[in-house]
Amino acid sequence: MKLMVLMVPVILVSGLVVIFGLRSTTTSSWDFIARQPAWLWRGHGNSSLNGASSVAVHAKESDESPPLINGFSPPPQAVEALPFEEPNVLKQDVSETSGPIAAPANEALHIASKTRHKTEHTSLEKLEAGLQKARVALKEAKNGKQADDPDYVPAGPMYWNAKVFHRSYLEMEEQFKVFVYEEGEPPLFHNGPCRSIYSMEGNFIHMMEINGHFRTKDPDKAHVYFLPFSVAMMVRFVYERQSRDFGPIRRTVSDYINLISRKYSFWNRSLGADHFMLACHDWGPEASFSVPHLGKISIRALCNANTSEKFNPVKDVSLPEINLLTGSIKGFVGGLSPSKRLILAFFAGRLHGPIRPVVLEHWENKDDDIKVHQQLPKGVSYYEMMRGSKFCLCPSGYEVASPRIVEALYAGCVPVLISDHYVPPFSDVLNWKSFSVEVPVSDIPSLKKILTSISPRQYIRMQRRVLQVRRHFEVNYPPKRFDVFHMILHSIWLRRLNIGIHDVQLPNNSSDS
């Protein structure tokens, strides 16, 4: 009895030490991903493709519909993948996350999941097994043989690692599946502009809706889940002009997440980590933060890829901004050969944001080799000027993205990116420095010196690479392999490879009921 009296306090103290010790060592799975990004082809040492960061949610048997995760969220616990072993076991504590979607703590554990025998594998486990095989294939492709392809074999310095990109693309074609939520009515959902500067929203939504290869109607077979709302349409139909009230847009996004999280188990299962939104409107990032998990955890495909505004290139996707005036790229692709491009650099555009006034101040009507205009002279064609220029200046406007980047690629003109905090599209695959010139805003006065320091031989190489890489930015109806639609999907595929999502069963405890 004396021994028992002595042992009980020791056991209690030891238990408290273990509990608080584990709590103090919790860390974010996304922080881990940020330290070890999935850009295997860039040679950044350890890659999370070697063992994806895992996101799992405690679940127990319940016949109830999945609850909302508002103020409280079940913390994703990193576990070993089934049937593959994953290293770097981490935990994530998101109990402090707050936002417009909430539920009591005990309700958040009632995520729909059926009890199964240990030897049986769920659809999710099978999906994760396939993703792990893809990760292994990418590792092997880094130093392996280039895969054959009847359409296109990526090669050259435009890619960080052409063989890994190609293998990743083929793996995507073989297994990637997207579930599009059918909830929501046009024009805010399942719709978007197709003939404007925000055309990528409408084009992608439309293509995803009708795609028969990547889209699946069975949510249990999906790797990712698409939230088919258009921020551009919300600005048009929900936002009251000159009101400066962003509330209606926030409520629309929040209500939608509430709807799908009540109806389906998938959002709650991963806290949105395997869900993605797509927006080309400047307010896309702002709309994403209507729901904390959407902004912080979900995959955001954005034209406004500004790292100073919380764009995270590890989990977010940079979209090309393409201004489709006619809804088609017909007539916009093509240009003169390098020897016939007599203009060193060209830009035309109105004052928009803080950078363009600096460009105009230093170069408008100041140099015959650098044609800079706020307004083109009468009879001068904007596109013909691009087709006849060696370099096309692409300064950011109020937001970092500019349609001039893709317009330059279409015209065979080497783009000059003048911006701060901008992540160029598909830069996880493409080495932009090999076919474009990046100029910090502070170096605008030295533009001519920078461009003339590029030798004719080097310029010809860059221009040829522009012609090779522009296939990845072309909009096709129907989409063609390696075009912009498939490149967007590939970027999302890469982000999905960067995480592992697993259901974890909890014993049925009456205290949780």
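Structure first, text after, so check above.
Residues numbered from 1 in each chain as written. Predicted model: local features only at pLDDT ≥ 70, side-chain atom pairs only at ≥ 80, totals over all residues. Heavy atoms only, no water.

A. Representation of the state of the cysteines. Enumeration according to the criterion identifies 2 disulfides in this entry. Across the disulfide, Cys 280 is cross-linked to Cys 303 (sulfur-sulfur distance 1.8 Å). An S-S torsion of about -70° defines the bridge between Cys 280 and Cys 303 as left-handed. On the criterion of sequence distance, the pair formed by Cys 280 in the loop between strand S4 (275–279) and helix H10 (284–288) and Cys 303 in the loop between strand S5 (299–302) and strand S6 (317–318) is long-range, its members being 23 residues apart. Each disulfide of the chain joins two cysteines, and with those cysteines numbered along the sequence the arrangement is 1-2, 3-4. Sulfur of Cys 394: no disulfide; nearest cysteine sulfur belongs to Cys 392 and is 6.4 Å away. (Disulfide = S-S within 2.5 Å. Helix = DSSP H or I, 4+ residues; strand = E, 2+ residues; numbered from the N terminus.)

B. Looking closely at the packing of helix H4 (residues 123–141) against helix H17 (residues 484–497). In the contact formed by H4 and H17, the axes pass within 10 Å of each other and the chain directions differ by 105°. As the angle between them shows, H4 and H17 are arranged roughly perpendicular. Across from Glu 128, Leu 131, Ala 134, Arg 135 and Leu 138 in H4, the residues of H17 making contact are Trp 493, Arg 496 and Leu 497. For the contact of H4 with H17, a count of residues per class yields 5 nonpolar, no polar and 3 charged. (Axes fitted to C-alpha atoms, helices over the stretch in contact; angles between N-to-C directions. Parallel < 35°, antiparallel > 145°, perpendicular 65-115°, else oblique. Contact = heavy atoms within 4.5 Å. Nonpolar A, V, L, I, M, F, W, Y, C, P; charged D, E, K, R; others polar.)

C. Broad picture of helix H6 (residues 199–210). Given a rise of 1.5 Å per residue, 12 residues ought to cover 16 Å, and the 17 Å separating the end C-alpha atoms of H6 matches this to within 8%. Buried within H6 are the following residues: Ser 199, Met 200, Glu 201, Gly 202, Asn 203, Phe 204, Ile 205, Met 207 and Met 208. Buried-residue contacts for H6 involve strand S2 (178–180), strand S3 (224–226), helix H7 (231–237), S4 and H17. (Expected span 1.5 Å × (residues − 1). Buried < 20%, exposed > 50% of the residue type's maximum accessible area, 1.4 Å probe, protein only.)

D. The arrangement of the packing of aromatic side chains in detail. By the definition in use, this model includes 27 aromatic pairs. Here Phe 204 and Phe 226 contribute two aromatic rings whose centre-to-centre distance is 5.5 Å and whose plane-to-plane angle is 90°, an arrangement assigned as edge-to-face. Placement of the pair is Phe 204 in helix H6 and Phe 226 in strand S3, with a sequence separation of 22 residues. Using a relative accessible area of 1% as the deciding quantity, one classes Phe 226 as buried. Taken together, the aromatic side chains of Tyr 152, Tyr 159, Phe 165, Tyr 169 and Phe 482 make up a single cluster linked through ring pairs. Above the face of the Phe 289 ring, Lys 310 is positioned so that its terminal group lies 5.3 Å from the ring centre. (Phe/Tyr/Trp six-rings, centres within 6.5 Å; stacked < 30°, edge-to-face > 60°. Lys NZ or Arg CZ within 6 Å of the ring centre and 35° of its normal.)

E. The arrangement of the side chain of Asn 268 in detail. With respect to the element layout, Asn 268 can be found in helix H9 (residues 266–270). Looking at Asn 268, its side chain comes within polar contact range of the main-chain oxygen of Ser 261, at 3.3 Å. (Polar contact = N/O pair within 3.5 Å; in protein donor to acceptor, adjacent residues only side chain to side chain.)

F. Main features of the environment of Asn 306. Position of Asn 306 relative to the elements: it lies in the loop between S5 and S6. With 115 residues separating them in the primary sequence, Asn 306 and His 421 have C-alpha atoms 5.4 Å apart. Residue contacts for Asn 306: discarding those within four places in its chain leaves Phe 311, Val 400 and His 421.

G. Examining the nonpolar core more closely. Formed by 117 residues in total, the largest nonpolar core has its most connected members in Phe 229, Phe 391 and Leu 393. The element best represented in this core is H17, accounting for 9 residues. Once you skip the residues sitting within four places of it in the chain, Leu 393 turns out to touch Ala 345, Phe 346, Phe 347, Val 359, Ile 370, Val 372, Arg 404, Val 416, Ile 418 and Leu 447. Phe 346, Ala 348, Met 386 and Ala 411 belong to the second-largest nonpolar core, a separate cluster that totals 10 residues. (Core = buried A, V, L, I, M, F, W, Y, C linked by side-chain atoms within 4.5 Å.)

H. Seen up close, the pattern of salt bridges. Inspection of the entire model under this criterion finds 18 salt bridges. Between Lys 448 and Asp 367 there is a salt bridge; the shortest N-O distance is 3.0 Å. A residue pair is termed long-range when its members are at least 10 positions apart, and Lys 448 in helix H15 (residues 447–452) and Asp 367 in the loop between helix H12 (356–363) and strand S8 (370–373) qualify at 81 residues. A residue is classified by how much of its surface remains accessible, and Asp 367, at 19% relative accessible area, is buried. When the shortest N-O distance is used, the salt bridge between Lys 448 and Asp 369 registers 3.0 Å. Here Lys 448 is found in helix H15, whereas its partner Asp 369 is found in the loop between H12 and S8, with 79 residues between them in sequence. Here Lys 448 falls in the partly exposed class, since its relative accessible area comes to 24%. Taking relative accessible area as the criterion, Asp 369 reaches 35% and is therefore assigned partly exposed. (Salt bridge = Lys/Arg side-chain N within 4 Å of Asp/Glu carboxyl O.)

I. A look at helix H8 (residues 247–263). Here H8 spans 24 Å end to end across 17 residues, near enough to the 24 Å set by a 1.5 Å rise per residue. Buried residues of H8: Gly 247, Pro 248, Ile 249, Thr 252, Val 253, Ser 254, Tyr 256, Ile 257, Asn 258, Ile 260 and Ser 261, and no others. Buried-residue contacts for H8 involve H7, H9, S4, H10 and helix H11 (292–296).

J. How the structure looks around the pairing of S8. Strand direction decides the pairing type here: strand S7 (residues 343–348) and S8, joined by 4 bridges, are parallel. Of the residues in S8, the one forming a bridge with Phe 347 is Val 372. Chirality of the crossover, the property in question, places the unit of S7, H12 and S8 among those that are right-handed. (Pairing = 2+ DSSP bridges. Right-handed = clockwise from strand over helix to strand, strands pointing away.)

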